[in-house]
Protein chains: 2
Amino acid sequence: MTKTAHTRLGVPTRTAEDWEEAALDVIASGGIAAVSIPELARTLDVTKGSFYWHFTGLDDLVRRAVARWDRLDKETLDQIRTIEDPVVRLRTLFAEAMAAQRAQSLYLALAVSPSPDIGAALRKVSSRRLKLLADTYRELGMTELAAQQQALLAYSAYIGGVHLRSNDAPWLRETRDVRAYVEHASMALIEPSRRKTKR
Amino acid sequence: MTKTAHTRLGVPTRTAEDWEEAALDVIASGGIAAVSIPELARTLDVTKGSFYWHFTGLDDLVRRAVARWDRLDKETLDQIRTIEDPVVRLRTLFAEAMAAQRAQSLYLALAVSPSPDIGAALRKVSSRRLKLLADTYRELGMTELAAQQQALLAYSAYIGGVHLRSNDAPWLRETRDVRAYVEHASMALIEPSRRKTKR
DNA sequence: TATCTTCCATACCGACAAGTATGGTCTGAA
DNA sequence: TTCAGACCATACTTGTCGGTATGGAAGATA
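Every value quoted in this text rests on a predicted model; they were computed, and no experiment measured them.

### Considerations on the overall build of chain A
- Regarding its fold elements, chain A presents 9 helices and 2 strands.
- Helices and strands appear in chain A in the N-to-C order β-β-α-α-α-α-α-α-α-α-α.
- C-alpha extents for chain A along the principal axes are approximately 65 × 35 × 35 Å.
- The 199 residues of chain A split such that 50% are buried.
- A sequence separation of at least 24 residues applies to 65% of the contacts in chain A between residues at least 6 apart.
- In chain A, 29 side chains carry a positive charge and 25 a negative one; their mean positions are 4 Å apart.

### With respect to helix H2 (residues 37-44) of chain B
Residue and element names in this part refer to chain B.
- All buried positions along H2 are accounted for by Ile37, Leu40, Ala41 and Leu44. For H2, the angular spread of buried residues about the axis comes to 100°, placing them on one side. Turned more than 90 degrees away from the buried face of H2 sit Arg42 and Thr43, all of them exposed.
- Against helix H1 (16-30), helix H3 (48-54) and helix H4 (58-81) lie the buried residues of H2.
- Of the residues one or two after H2, aspartate 45 is the one with positive phi, at around 65°.

### A short note on the protein's contact with DNA strand C
- In the vicinity of DNA strand C lie 21 residues, with Arg14(A), Thr47(A), Trp53(A), Pro38(B) and Lys48(B) positioned nearest.
- Sugar plus phosphate, as a fraction of atoms of DNA strand C within 4 Å of the protein: 62%.
- Within the residue set of the surface near DNA strand C, elements represented by two or more residues are helix H3 (48-54) of chain A together with strand S1 (7-8), H2 and H3 of chain B.
- When residues in the surface near DNA strand C are grouped by element, the largest group, 4 residues, is from H3(A).
- In the surface near DNA strand C, the residues fall into 8 nonpolar, 9 polar and 4 charged.

### What about the protein's contact with DNA strand D?
- Near DNA strand D, the surroundings consist of 22 residues, among which Leu9(A), Pro38(A), Lys48(A), Arg14(B) and Thr47(B) are the closest.
- Protein-adjacent atoms of DNA strand D, using a 4 Å cutoff, are sugar or phosphate at a proportion of 63%.
- Here a phosphate oxygen of DNA strand D sits 3.0 Å away from a polar atom, N or O, in the main chain of Ile37(A).
- One of the backbone nitrogen or oxygen atoms of Leu58(A) is found 3.1 Å away from a phosphate oxygen of DNA strand D.
- No other element matches H3(B), which puts 4 residues into the surface near DNA strand D.
- A per-class count over the surface near DNA strand D returns 8 nonpolar, 10 polar and 4 charged.

### Quick notes on the relation of the copies chain A and chain B
- Under the fitted operation, chain A is carried onto chain B by 0.0 Å of movement along the axis and a turn of 179°, and the coordinates agree to an RMSD of 0.1 Å. In symmetry terms, the pair is related by a two-fold rotation axis.

### Considering the interface of chain A and chain B
- Contacts between chain A and chain B engage 41 residues on the former and 41 residues on the latter.
- Considering only the side of chain A, the residues that lose the most area to chain B are His163(A), Asn167(A) and Trp171(A), jointly responsible for 18% of the buried surface there.
- Inspection of the region where chain A meets chain B yields 0 salt bridges.
- If you look at where chain A meets chain B, you find 6 residue pairs in polar contact (both at pLDDT 80 or more).
- Within the residue set of the side of chain A that touches chain B, elements represented by two or more residues are helix H6 (101-111), helix H7 (116-139), helix H8 (144-165) and helix H9 (175-189) of chain A.
- For the side of chain A that touches chain B, the element with the highest residue contribution is H8(A), accounting for 13 residues.
- Of the residues that constitute the side of chain A that touches chain B, the class distribution is 24 nonpolar, 13 polar and 4 charged.

### Side note on unusual backbone geometry
- Backbone geometry at Asp45(A) places phi at a positive 65°, although glycine is not the residue there.
- Within the secondary structure layout, Asp45(A) lies in the loop between helix H2 (37-44) and H3.

### Quick notes on the packing of aromatic side chains
- Taken as a whole and judged by the stated rule, the model has 12 aromatic pairs over all chains.
- With 4.9 Å between their ring centres and 85° between their planes, Phe51(B) and Tyr52(B) make a pair best called edge-to-face.
- Judged by its relative accessible area of 0%, Phe51(B) falls in the buried class.
- Both rings, one in Trp69(B) and one in Tyr107(B), keep their centres 6.5 Å apart while their planes meet at 55°; by these two values the pair is tilted. Of this pair, Trp69(B) sits in helix H4 while Tyr107(B) is found in helix H6 (residues 101-111), placing the two residues 38 residues apart along the sequence.
- Given the relative accessible area of 3%, Trp69(B) is considered buried.
- Residue classification places Tyr107(B) among the buried positions, given a relative accessible area of 3%.
- By way of ring pairs, the aromatic residues Trp19(A), Phe51(A), Tyr52(A) and Phe55(A) are connected into one cluster.

### Describing the nonpolar core
- Ranked by size, the top nonpolar core spans 130 residues in total, and within it Trp69(A), Tyr137(A), Trp69(B) and Tyr137(B) carry the most contacts.
- Look past the residues within four positions of Trp69(A) in its chain and what remains in contact with it is Leu24(A), Ala103(A), Leu106(A), Tyr107(A), Leu110(A), Ala121(A), Leu122(A) and Val125(A).

### Notes on the packing of H1(B) against H4(B)
All names here are of chain B.
- With their axes 9 Å apart at the nearest point, H1 and H4 run at an angle of 85° to one another. When the axis of H1 is compared with that of H4, the two are roughly perpendicular. Residues Ala16, Glu17, Trp19, Glu20, Glu21, Ala23 and Leu24 of H1 form the contact with H4, whose own contacting residues are Leu61, Arg64, Ala65, Arg68, Trp69 and Leu72.
- Residue classes in the contact of H1 with H4 are distributed as 8 nonpolar, no polar and 5 charged.

The rules behind these values
Residues numbered from 1 in each chain as written. Chains lettered and ligands numbered in written order. Predicted model: local features only at pLDDT ≥ 70, side-chain atom pairs only at ≥ 80, totals over all residues. Heavy atoms only, no water. Helix = DSSP H or I, 4+ residues; strand = E, 2+ residues; numbered from the N terminus. Buried < 20%, exposed > 50% of the residue type's maximum accessible area, 1.4 Å probe, protein only. Contact = heavy atoms within 4.5 Å. Lys, Arg positive; Asp, Glu negative; His and termini not counted. Charge placed at Lys NZ, Arg CZ, Asp CG, Glu CD. Arc of directions from axis to C-beta. Near = heavy atom within 4 Å. Nonpolar A, V, L, I, M, F, W, Y, C, P; charged D, E, K, R; others polar. Polar contact = N/O pair within 3.5 Å; in protein donor to acceptor, adjacent residues only side chain to side chain. Least-squares fit on C-alpha atoms with pLDDT ≥ 70 in both. Buried area = accessible area lost by both parts, 1.4 Å probe. Salt bridge = Lys/Arg side-chain N within 4 Å of Asp/Glu carboxyl O. Phe/Tyr/Trp six-rings, centres within 6.5 Å; stacked < 30°, edge-to-face > 60°. Core = buried A, V, L, I, M, F, W, Y, C linked by side-chain atoms within 4.5 Å. Axes fitted to C-alpha atoms, helices over the stretch in contact; angles between N-to-C directions. Parallel < 35°, antiparallel > 145°, perpendicular 65-115°, else oblique.

Written out as structure tokens, the structure is:
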């Protein structure tokens, strides 16, 4: 199954995916500006010679790393979309989202990038997530507009929760705090949707 | 009232506040990593010689710029705290928060910084905001725990809304969209608190 | 074994930012 | 008018990064 990567003195040689993964780690922890070829080379235990064989330049790496993040996010969402019960799906969505640590930091780091390409990628990911949310709320009986508004609010609550979790703030540090938060958010963001949401 | 700043050939000389303001602008638009002394010097139309007279180094500038942001944020909150009606106070808080563009970008940019000092400053600001929210919800009759949970959720919704507004995404671009969002959020985050929130 | 390809090391260049040293110029006060 | 201090320009050093050029060692292939 593993595509028998090339080896060199026993150890496998670095793939483009290796570089992309390392780049995503750096972006998640230090932002896009922290991505430097020498540093990545050090963590991968190679030199720049390897980098420029796999990529044409720094922009190329960032582009492909972000594209990889996009794919990974899509896979996760496709998984959750298979859940039948809309309420369970929403709760799973919140819980799952609050658990994926690197994906969170990645989103936050990419969100503050002034690059138009990254902005486009971010909008793509966000719109996909919002669509899943809105669809689910519509399944719960909400009107098109109400579902969209509710999706925006729920997504905002998610993003905000992610923010509060970062910076090891004292608010959502313990897992039981996170669970309580998800519980509360679900109460506020799911339960009301069962009422007649007509103004 | 204006403290008669020194002048030079007619025009006033640069103050440390000028540098801090310029730094905050850069941080808001490009992140902390984008802060460079030559670039700031260019926008202020001076050279590095000026910078190193006002500051000991780059860390000094960032530290004092963040401290300035902290003070500005505190002033805004103290203003809102004077509003009597808790509901009006909350609505004002949301609306005001969604309107202050640079303060938003600043928060997002600082939030992804790995620096422990900045992390501490961010926690200070966040805890101040959360305290105001929790106090207000408690005024609305919620229990201590419920008020705290609700404050976390409301703050998350705010942060998330800020996020959605950045990256000129198509979701909260128009002011009427923002108003509708604030309206919807207020409905979801303020109205329920008037019910008996006893589990 | 001979050769081709894959992957990487090394050396080098230009650009640019942080920081230092130093001297100059303008202003306000004595 | 003189002078001390506030404010800044200039020149320079050091370090690091992006990018290029080039050669070489290890696997694959015949």
